[in-house]
Amino acid sequence: MSEKHLRRKGQGETERPICNNKRCINYQHDLLRSYIRKNEKFKPNGWECPDCKFKMWD
């Protein structure tokens, strides 16, 4: 059985931004990509923290 290699932070083109809200339980953790639906297609529009809804726009 082949081993599955984990994707490490920083191996892509750019690193993910981190959450800067000190009140958030995910403080200093990676933000998730957020999308908007436009003409039945999803277009990325920024980065978002799932807990505190901190948003960084592209």
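Note that the structure is a prediction, hence the values are computed from the model and not measured. (Residues numbered from 1 in each chain as written. Predicted model: local features only at pLDDT ≥ 70, side-chain atom pairs only at ≥ 80, totals over all residues. Heavy atoms only, no water.)

A. Representation of the packing of aromatic side chains within the structure. For the structure shown, the criterion picks out zero aromatic pairs. The side chain of arginine 33 reaches across the aromatic face of tryptophan 47, ending 4.7 Å from its centre. The cationic tip of lysine 55 hangs over the ring face of tryptophan 57; the distance from NZ or CZ to the ring centre is 4.7 Å. (Phe/Tyr/Trp six-rings, centres within 6.5 Å; stacked < 30°, edge-to-face > 60°. Lys NZ or Arg CZ within 6 Å of the ring centre and 35° of its normal.)

B. Summary view of the sheet that holds strand 3 (residues 55-57). Across the sheet, three strands lie side by side as 1-2-3; this open sheet has antiparallel pairing. Either end of the sheet is taken by a strand with one partner, and the two such strands are strand 1 (32-38) and strand 3. Pairs of neighbouring strands in the sheet enclose a mean axial angle of 50°, with direction left out of account. (Pairing = 2+ DSSP bridges. Helix = DSSP H or I, 4+ residues; strand = E, 2+ residues; numbered from the N terminus. Axes fitted to C-alpha atoms, helices over the stretch in contact; angles between N-to-C directions.)

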